[in-house]
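# Summary of the model geometry
One-letter residues, chain by chain:
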Amino acid sequence: MLVPLVKVLCGFREWRLAFDGDVKEMFHQMKIRVEDRQKQRFLYRKDPNDPPSIYVMDVATFGSTCSPCSTQFVKNKNADEFAGRYPEAAAAIIKRHSVDDYFDSVESVEEVVKLAREVRLVHRKGGFKIRNWVSNAPEVLQSLGETKPVAPVHFNQDKQTSKERVLGVIWDSNTDEFAFSTTHREGLLPYLFEEKRPTKRIVASCVMGFFDPLGLLAPITIHGKIIIQHLWRSSCDWDQEIDTKCWELWKQWTELLPEVEAIRIPRCYIGDAKRAEVESLEVHNFTDASEHAYGCVAYLRAVVRGMVPSRAKVAPIKRQSNPRLELMGMVLGARLSQSVLENHSYDISRTVFWTDSRTICSWINSDQHRYKQFVAFRIGEILELTKMSDWRWIPTKLNIADVLTKWRQGPPLQSDGVWFKGPEFLYRPEDTWPSKQSIVEETEEEVRGAVLFHEVVNVEAISSCTRLLRVTATVVRFIDNCRRKRRGESTLTTRAATKQHRILELCKPPSSKMNSSEQEKSCGVMCSWTVFRTR
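Residues numbered from 1 in each chain as written. Predicted model: local features only at pLDDT ≥ 70, side-chain atom pairs only at ≥ 80, totals over all residues. Heavy atoms only, no water.

### Focus on the overall build of the protein chain
Counting secondary structure elements, the protein chain contains 18 helices and 16 strands. When each of the 535 residues of the protein chain is scored for burial, the buried share is 44%. Long-range pairs, those at least 24 residues apart, make up 71% of the contacts in the protein chain between residues at least 6 apart in sequence. For the protein chain, the computed accessible surface area is about 30500 Å², with 52% contributed by carbon and sulfur atoms. (Helix = DSSP H or I, 4+ residues; strand = E, 2+ residues; numbered from the N terminus. Buried < 20%, exposed > 50% of the residue type's maximum accessible area, 1.4 Å probe, protein only. Contact = heavy atoms within 4.5 Å. Areas by Shrake-Rupley, 256 points an atom, 1.4 Å probe, with all protein chains shown as cover.)

The following block contains the structure:
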C-alpha cells in the first residue's frame, strides 16, 4: 500500500506547476479499537518518588509497527469511498502520497486549485487535515489560504532524524529547483572538513548518511561506497583508523562536499512546455562498468531537456571480468528503464540504450544459450525488458556513465555540466549521433564449453558406488594435474585414505635392504599403478 518515494517524486517532476502538503499528525488521527488499546499501555510518573501511573494510548503512535500499514489502509479506503464523486482527488491520494506527504504537478493554476481543494475535502471526510501547502505559483497559495512564508521542502524518509543526515535533497519552490542541504552533525565536522582521520564507523556513517532518492549525486555517493569496500577488503575494524590509501581517497571525496551546496537542478523535466507542445519523448540510457563499480544513468530527450534518475553499485568483492561487470551495468540499465516507464505518465515514444562495450553488443546480438549461465541469464533478462534494436554502441569518451565508474579528476558537479544536462550530441539531430553498428563481430568470450561423451564404459566390475566415485575423482584429478604440469602450475593433491596409504607404501622405490623377491613385488605394483593413472 505504501507508494515508493521515487515514484512520487517522478510524478512531481512531470509538469510545470508543482504543489505539496502534509497531513497533520497523521498517525494520531486514527483511533485504536478498545479491545486493542491495552497493547499500547505504558508507565509514567512526574516524581521519581511516586508510584508509576498506568496509561494507555488510544490512537496510533510513531514507532508502533502496525501504524504505517493501518494508516495507509484507512487513507486509501476513505479515498475509494469518494472515488465516484472526486475521481482525480481519490487517485491523487492513493498514488501521490508518500506516507503523510502529498506531492503532485499539473499544467495550469486552475487544475492545481481544483485538485488541492478536492484532496483537502476528501481527507477531511476521513478525519485527516492536510496543511502546509507549498507551490511554485503564489496564486495557488493565495487560493488555498496559505499565509505562512514558504520554506524549502526537505525530502527525507525519516523526519525524526533529518539533522542526522550528511546531505539531503530539498525543493526550493521560489526558484522551482532541487538543491542539496549539507547540514552535518557536529561530531562529524572534524572528519569532513578538518584533518582528523576517521574510523571505518565514521566513514560508513558519513557515506550512508547521504539521502539522494533520485540518484542525482550518484557520482559522489558511489565513490564513497567504493571507499567503504576498500575498508572491508583491508579487514579494517569498525573503530580502527583507516589506512593511508583510504585516507587519501577520503580527502578527495570530502573536498567535493562544499561544491554540492551550489548545485541547482530544475524540478520540471520539460520546463514550461505543455502537454500539447511536446511532440515526442525519448529515454536515453547510458551504462558503463569498471573494476570498482558499474552503473547507469537515464536522460529524457524532449523539446526541453531534462534528467531522469541514475543508479550505481560498487562492483562485487569477488573479482569479475570487465565484460561481466559491463553486463551487470546493462542489466541495471534495463531495470532502470523499466522503472522510468512505470513511474511516469509520459507517453514515451522509444528507449535507446548506449554502451561502449563491443563484447556486450556481440552477446546481445547472439544466441544467449551459447554462453555460460552467468552471461546467458543476464542477457535473457535484458532481452526480456528491452529489444535488440534499442542497443547502440558509443565511444568511451562520449559515454556519460563513465562518470559513475571512474574517479579521474572528480565528477563534473556544475549545474550546467554534462552530468546534469546530458551529452551534447543528444541536443543535435539523430543523423549526427554516433553511428549505429550494423555488423557486430562475434566473440568467443564466455562461450559455454562443449562436453562430448564418445563411449559408454561397462562398470560392472566395480561393486561399490563409493569406490566408483573415488576412482572417477582420481582419474579426473589425474587429468587435471597433467594439464597443470604442462602449464607449469602446481598440481592438486588430496589426503590419502587408509587403503591408499598401503598402496603408497608398496609404491615406494625399492630399498637396498630389500631382497630380490621383495624388490620385484614392489616394482610390479608400482608399474601397474602408473599404467592405470596414465591411461
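### Brief notes about the environment of His223
Within the secondary structure, His223 is located in helix α8 (residues 218-233). Taking the C-alpha atoms as reference, His223 lies 8.2 Å from Thr405; in sequence the two are 182 residues apart. When residues no more than four places from it in sequence are discounted, the contact partners of His223 are Trp253, Val403, Leu404, Thr405, Lys406 and Trp407.

### Some points on the side chain of Glu107
You can see Glu107 is positioned in the loop between β5 (101-106) and α4 (109-125). Given the relative accessible area of 16%, Glu107 is considered buried. In this structure the side chain of Glu107 is engaged in a polar contact, spanning 2.8 Å, whose partner is the backbone nitrogen of Arg275. (Polar contact = N/O pair within 3.5 Å; in protein donor to acceptor, adjacent residues only side chain to side chain.)

### So, helix α9 (residues 244-254)
Of the positions making up α9, those classed as buried are Cys246, Trp247, Trp250, Trp253 and Thr254. Projected down its long axis, α9 shows its buried positions confined to an angular sector of 120°, all on one face. Where α9 is buried, its residues meet α6 (189-193), α7 (200-208), β10 (210-211), α8 and α10 (257-260). (Arc of directions from axis to C-beta.)

### A few points about the packing of aromatic side chains
Counted according to the given criterion, the structure contains 20 aromatic pairs. Ring geometry for Phe19 and Trp133: centres 6.3 Å apart, planes at 35°, overall tilted. Pair noted here: Phe19 is in strand β1 (residues 17-23) and Trp133 is in strand β6 (residues 130-135), with a separation of 114 residues, a long-range link. Phe19 gets classed as buried once you look at its relative accessible area, which sits at 1%. Note on Trp133: relative accessible area 3%, which makes it buried. In this structure an aromatic cluster arises from ring pairing among Phe286, Tyr299, Trp354, Phe425 and Trp433. Taking NZ or CZ as reference, Arg267 lies 5.6 Å from the ring centre of Phe12, over its face. The lysine or arginine in question, Arg378, covers the ring of Phe374, its NZ or CZ lying 3.8 Å from the ring centre. (Phe/Tyr/Trp six-rings, centres within 6.5 Å; stacked < 30°, edge-to-face > 60°. Lys NZ or Arg CZ within 6 Å of the ring centre and 35° of its normal.)

### Description of a nonpolar patch on the surface
On the surface, Phe42, Tyr44 and Tyr55 cluster together into a nonpolar patch covering about 300 Å² of accessible area. Relative to the elements of secondary structure, Tyr55 occurs in strand β3 (residues 53-56). For Tyr55, a relative accessible area of 40% corresponds to the partly exposed category. (Patch = residues over 30% accessible without salt bridge, like charges linked within 9 Å, V, L, I, M, F, W, Y side chains within 5 Å. Salt bridge = Lys/Arg side-chain N within 4 Å of Asp/Glu carboxyl O.)

### With respect to the sheet that holds β6
Taking strand neighbours across the sheet as the criterion, the 4 strands line up as β4-β5-β1-β6 in an open arrangement whose pairing is antiparallel. At either end of the open sheet lies a strand with only one pairing partner, and these are β4 (97-98) and β6. Pairing geometry for β1 and β5, over 6 bridges, is antiparallel. Looking across to β5, one finds that Asp20 is bridged to Phe103. Sitting on the sheet, helix α1 (residues 5-12) touches β1, β4 and β5, and the angle it makes with β5 is about 30°. (Pairing = 2+ DSSP bridges. Axes fitted to C-alpha atoms, helices over the stretch in contact; angles between N-to-C directions.)

### Some remarks on the environment of His123
The topology assignment puts His123 in helix α4. For His123 and Asn76, which are 47 residues apart along the polypeptide, the C-alpha to C-alpha distance reads 10.0 Å. For His123, the contacting residues outside a window of four places in its chain are Val23, Lys75, Asn78, Ile93, His97, Phe128 and Ile130.

### Topic: the pattern of salt bridges
Considering all chains together, one arrives at 22 salt bridges under this definition. Between Arg301 and Glu282 there is a salt bridge, with the nearest N and O atoms lying 3.6 Å from each other. Of this pair, Arg301 sits in strand β13 (residues 293-301) while Glu282 sits in strand β12 (residues 282-289), and the two are 19 residues apart along the sequence. Take Arg301: its relative accessible area is 24%, and that puts it in the partly exposed class.

### Thoughts on the packing of helix α3 (residues 87-95) against α4
Packed helices, taken two at a time, are described by the angle between their axes plus the distance between the axes. For the pair α3 and α4, the least separation of the axes is 9 Å and the interaxial angle reads 75°. Between α3 and α4, the angle is such that the two are roughly perpendicular. Residue-level inspection shows Glu88, Ala89, Ala92 and Ile93 of α3 in contact with α4, the latter providing Lys114, Leu115, Glu118, Val119, Val122 and His123. Class assignment for the residues of the contact of α3 with α4 results in 6 nonpolar, 1 polar and 3 charged. (Parallel < 35°, antiparallel > 145°, perpendicular 65-115°, else oblique. Nonpolar A, V, L, I, M, F, W, Y, C, P; charged D, E, K, R; others polar.)

### Here we look at the nonpolar core
By size, the foremost hydrophobic cluster in this structure holds 59 residues, and its most contacted members are Phe155, Phe178, Trp250, Phe286 and Trp419. Judged by nonpolar contacts, the second largest core, of 34 residues, contains Val283, Val340, Tyr371 and Trp391. (Core = buried A, V, L, I, M, F, W, Y, C linked by side-chain atoms within 4.5 Å.)

### Things to note about helix α13 (residues 373-385)
Every α-helical turn comprises 3.6 residues, leaving residues that sit three or four positions apart pointing alike. The end-to-end C-alpha distance of α13 is 18 Å, a good match for the 18 Å that 13 residues give at a rise of 1.5 Å each. Looking at the buried residues of α13, the elements they touch are α11 (322-343), α12 (358-364) and β16 (391-393). (Expected span 1.5 Å × (residues − 1).)

### Details of the confidence of the model for the protein chain
For the protein chain, per-residue confidence averages 81 on the pLDDT scale, and 82% of positions sit at 70 or higher. Within the protein chain, no element has a lower average pLDDT than helix α18 (residues 516-534), which sits at 44, and none a higher one than α3, at 94. In the model, residues 157-165 has pLDDT below 50 throughout and makes 14 contacts with residues more than four positions away in sequence or in other chains. Low pLDDT, under 50, characterises residues 519-535; the predicted model gives this stretch 15 contacts beyond four residues in sequence or across chains. (pLDDT = per-residue confidence, 0-100.)

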